Each structure stands twice: as C-alpha cells, then as structure tokens.
Amino acid sequence: MEIIPSPDEREDSRPVRSFSAVEEFIKSESAGAILLLIATIFALIWANSSYSASYFAFWSYPIGWNVGGVSFATDLHHCINDGLMSLFFFVVGLEIKRETKKGELSSTGRAALPAIAALGGMLVPAAIYFLLNRHGETARGWAIPMATDIGFAIGVLGLLGKRIPSSLRIFLLALAIVDDVGAILVIALFYTDYISAGAIGVAFGLLVVLFVLSRRVPKTAIFSIFGVAFWVAILMSGVHATIAGVILGLVTPLKPQYEASEMISRARRLLDKFHFALQDRQDETAEVTLRELQALAHGTESMGERLEESLHPWVSFMILPLFALANAGVALSISELGAAMRSQSAIGIFLGLVVGKIIGVVGFSFLAVKFRFATMAEDTNWHHFIGAGMLAGIGFTVALFVSTLAFENDELESTAKIAIMIASLVSGVLGYIYLRLTYRFARRQETNRGRTRSPRPFSHRARCCGRARG
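Residues numbered from 1 in each chain as written. Predicted model: local features only at pLDDT ≥ 70, side-chain atom pairs only at ≥ 80, totals over all residues. Heavy atoms only, no water.

A. View of the overall build of the protein. Per the secondary structure count, the protein includes 18 helices and two strands. Looking at the protein residue by residue over its 470 residues, the buried ones come to 45%. Long-range pairs, those at least 24 residues apart, make up 80% of the contacts in the protein between residues at least 6 apart in sequence. (Helix = DSSP H or I, 4+ residues; strand = E, 2+ residues; numbered from the N terminus. Buried < 20%, exposed > 50% of the residue type's maximum accessible area, 1.4 Å probe, protein only. Contact = heavy atoms within 4.5 Å.)

Structure representation (structure tokens):
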C-alpha cells in the first residue's frame, strides 16, 4: 500500500495546510483574547475594591539576588514587563519572520496593501496625538495610539464568524504584524534613556554568534543558551529587554534539517525497514526504526516553527493575561475618570485610536489601490476596510506597554491606561456593529435583487426556432 502521497497530492494539500494554519492561529488568538479580557476586568475590580492596596503592594513585591558580588534588584511588575513580555516579543519576532518568509508578507504584491494600511494606521494616530500634546511631559506619549492588539482584533472578527470574508482576517492579521514592527522600532529608537557601550558590544558579539549558529541548523539548547546571554546583555545595555526578544525571533532559523524531497526518500527507506522488521518479528529493530522516523519528522520542522508552536499557547494564555492583570489595574472613580478623560493626553489617545486608525487605514489603503501600488481581494469592499480600520483602534496590549515606557509620572500613566481601555472598547464595539450591519445590508440587497429579477420571456417564435434548429 502506498503511504507516501504523490507529488500532485502534496501540491494540492499545501494550500489546505496553509489555510488551516492561519485558522488555527486565529482561533488561538480569539481564545487568548477572552482570557485577556477576563484578566483586565479582574484587575480593574481588584484595583477599585476595598483590597486595592493589596493590588499595588502585590505587584511591587521586591525580587532580587546577589551572587558573587553581582546584585540584581527589581519587583514583580518589572519581572513581567521586562522578562515575560520578552517572550511575547520573541513570538512576535518569530511570527514576523514566518510571515515575511512564507506567509502573507512573503511577496511584495501580497504585503503591499496591509503594509501601507498599517503605515497609515501608525502615522495618522501619532500625528493626532502630537498635535494635541506638543509640549510638556505628555508629548512623550505620541507612540501610544500607534499599536493594534492582534488578540482582541482577531477575537472580534472571530465573533463575526462567516459574516466576513477570510481575506479580511488575513489582511487585519498582516496589518497588526506590521504594526508590531513599527511599535518595536519606536521602543528601540525613542524609549531608550541610556546606552552602555560595553554591554552593547557584548550583545553584538553574541548576536554574531547566534547568526552563525542560525545558518547551521543548531541544537535548540545551544541556541537558547546564547539567546539568554544576549537578552541579559541587552537588559544591561539600557535598551529595553523586549527588543532582545524580537531580535532573537528574527534570527531563529526557519530552515529545517531535512528538506521535503530528502525527507521522502529517507522515510521510504525507514518504512520499508520497519515493514520488514515487523514481518520478521524483530521488535527491537522496529522500535529503533520508529524512533528514527520520529527524529526524521522532527527534523522536517524548523526550530522557529517548533518554538512558535510551543510558546504561542503560553504567551496567549499565561503571559498576556498576567501582563493585563499587572498593568490594567487603575482607579476608575467617577471624578477621577472624568478628570482623566478631560486631559489632553487622554483626548489624544482616544482620538488617535478611534478616529486616527480609521482615517489612516482606510485613507492609505484607498490611495494604494487608486495609484495601483496594491490591489484589494475580490471578496472585500471598502465597508470591510472601514470595519477593519475600526478594529485596528483596539490598541490594548502594546499601547499599555508603551504607556509604561512613555510616562514616569504615575498619574499620567494611569490616565493613559484609562484612555487606552476606553478607546479600545469603543473601537471594538464600533467595528463589530459596523461589520455586522454591513453583512446584514449586503444580504438584504441580494434578497431584493433576487425578488426583482424575473426570467426572460421565451416567445412562441423562439421556441419554434429552437425546435427547428434542434
């Protein structure tokens, strides 16, 4: 019996696997978004309850050590923001590399529209914020409304189900990934207060080692040791440690140990060997052959793909909810809420996310299509793009993260977080309602066209002529 599929079958199955991979990613993001929302609500309840003091005391719990004269001191809050969030940005780096190598950003034609839309979705909100906050400490928050939260945006699209085309999900996913690239560059370039030349030199040397290792398909353990050392060097350099996570994701190899053609020939030999071992009842040989087959299957998947697959659930279901729990707890009394939303920084964040994202995403997409820099998918229209622009205004995770870097003043940081959460909620609700109404309106139009369409009259003469020709 033929076990290995023919080349034609393999070729036919590739798009199915690719599509299912995207669908699996989207489902994971949607489920993670629900947990992220629960964590956010819990943080808000805890921070505004009679136990609010315990909330802030818990995340300020000191953590540190002193080994061989080298001391390190921080708190639980910074452990999450500087440590665990590095894993989040590492997965982001892996996603960016995968998409640019063999995903939606792998070719200029496919990447052009979401990349241009993302550029507009970053520049316009930042400009709106800066126009309202050109002076003083609040000016440092100009990058806050640039971000789009992949989890929440995809989660809202998941609620809409089949009411929206799959190409819109892929467009928004690619847009959010490009948004992440922009946010990473902004953090590296504009939110670094000091730089240690010595630590940067060590980090650069380790990066060269990692790059050389990535060309030779290294063992995961060896790569991880140098990766952790690189992260420590970046942490000591003054550059935010999460940048190390992104860089590590980008240099992690995507090349498997065995290519598909080599894997097929090796698998056939091993399957024949396994078959004969079973026939001759050589159990030990059969077990060894099975392990060789497992190693072969393991070698056909790259290190980057394995790490992304294994870390993505941890990031979605543990790290991001922990981040929300540690950062979303702000006081929401009526007086403080009103004062916060009247501040210029809050207005800038709100307008940047709710209004600026729509103008930037839709406006830049329209210009790209009009001047033929990019093309729209056949199953999408401008109503879909308006809805996507609204959902791009959900700037939750990365926006909260940037706010912790932008403001040292606790009051300004709390004001920014309140504005981010309100703007993200408004953007998500508006996007959901707009896309749902768009679908309903389109269905109604189709129904009306079906009712008004009548069959063409078929005259007696035509029937006679038709019979004669027959």
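That covers the picture; the talk isn't over yet.
B. Just the side chain of Ser403, in detail. Mapped onto the elements of the fold, Ser403 is located in helix H16 (residues 396–406). The buried category is assigned to Ser403, whose relative accessible area is 0%. A distance of 2.6 Å separates the side chain of Ser403 from the backbone oxygen of Leu400, its partner in a polar contact. Once residues within four sequence positions are removed from consideration, Ser403 is found in contact with Ile144, Glu413, Ala416, Lys417 and Ile420. (Polar contact = N/O pair within 3.5 Å; in protein donor to acceptor, adjacent residues only side chain to side chain.)

C. Geometry of the pattern of salt bridges. Inspection of the entire model under this criterion finds three salt bridges. The residue Asp179 makes a salt bridge to Lys357 at a minimum N-O spacing of 3.0 Å. On the criterion of sequence distance, the pair formed by Asp179 in helix H6 (residues 166–190) and Lys357 in helix H14 (residues 344–370) is long-range, its members being 178 residues apart. By relative accessible area, which is 0% here, Lys357 ends up buried. (Salt bridge = Lys/Arg side-chain N within 4 Å of Asp/Glu carboxyl O.)

D. A look at the environment of Arg266. Looking at the element boundaries, Arg266 is found in helix H10 (residues 260–279). Arg266 gets classed as partly exposed once you look at its relative accessible area, which sits at 31%. With 26 residues separating them in the primary sequence, Arg266 and Glu292 have C-alpha atoms 9.8 Å apart.

E. Highlighting the packing of helix H12 (residues 303–327) against H16. Closest axis-to-axis distance for the H12/H16 pair is 11 Å, and the angle between their directions is 50°. The orientation of H12 with respect to H16, classified from their angle, is oblique. Regarding H12 and H16, the two cross each other, and that crossing is left-handed. Mapping the contact onto sequence places Leu320, Phe323, Ala324 and Asn327 in H12 and Phe396, Thr397, Leu400, Phe401 and Thr404 in H16. Class assignment of the residues belonging to the contact of H12 with H16 gives a composition of six nonpolar, three polar and no charged. (Axes fitted to C-alpha atoms, helices over the stretch in contact; angles between N-to-C directions. Parallel < 35°, antiparallel > 145°, perpendicular 65-115°, else oblique. Left-handed = near helix turned anticlockwise from the far one by under 90°. Nonpolar A, V, L, I, M, F, W, Y, C, P; charged D, E, K, R; others polar.)

F. Expanded view of the confidence of the model for the protein. With 82% of its residues at a pLDDT of at least 70, the protein reaches an overall mean of 81. Ranking the elements of the protein by mean pLDDT puts helix H18 (residues 460–469) last with 46 and H14 first with 95. Low confidence marks residues 1–20, where pLDDT is under 50. Its contacts with residues over four positions away, or in another chain, come to eleven contacts. Between residues 458–470, whose pLDDT stays under 50, and residues either more than four places distant or in other chains, the model counts one contact. (pLDDT = per-residue confidence, 0-100.)

G. Quick peek at unusual backbone geometry. Despite not being glycine, Arg372 shows a phi value in the positive range, around 60°. Looking at the element boundaries, Arg372 is found in the loop between H14 and helix H15 (382–391). Accessibility expressed as a relative area gives 76% for Arg372, which makes it exposed.

H. Structural context of a nonpolar patch on the surface. On the surface, a nonpolar cluster with roughly 390 Å² of combined accessible area is contributed by Leu131, Leu132, Leu351, Val355 and Ile359. Contributing elements (two or more residues each) for the nonpolar patch: helix H4 (108–132) and H14. With three residues, H14 is the single largest residue contributor to the nonpolar patch. Along the chain, Leu131 falls in helix H4. (Patch = residues over 30% accessible without salt bridge, like charges linked within 9 Å, V, L, I, M, F, W, Y side chains within 5 Å. Areas by Shrake-Rupley, 256 points an atom, 1.4 Å probe, with all protein chains shown as cover.)

I. Geometry of helix H7 (residues 197–214). Here H7 contains 18 residues, and its C-alpha end-to-end distance of 25 Å stays within 8% of the 26 Å for a straight helix at 1.5 Å per residue. Within H7 the residues assigned to the buried category are Ala199, Ala203, Leu206, Leu210, Leu213 and Ser214. Down the axis, H7 shows its buried residues gathered within 90° of arc, on one side only. Of the exposed residues in H7, those oriented more than 90 degrees away from the buried face are Ala197 and Phe204. (Expected span 1.5 Å × (residues − 1). Arc of directions from axis to C-beta.)

J. The arrangement of the packing of aromatic side chains in detail. Tallying each qualifying case throughout the model produces 14 aromatic pairs. Each ring, one from Phe58 and one from Trp59, has its centre 4.8 Å from the other, and the planes form 80°; the classification is edge-to-face. Judged by relative accessible area, Trp59 falls into the buried class, the value being 5%. Measuring from ring centre to ring centre gives 5.0 Å for Phe88 and Phe89, while their planes differ by 75°; the resulting arrangement is edge-to-face. Three or more aromatic residues joined by ring pairs form one cluster here, namely Phe42, Trp46, Tyr55, Phe56, Phe58 and Trp59. (Phe/Tyr/Trp six-rings, centres within 6.5 Å; stacked < 30°, edge-to-face > 60°.)

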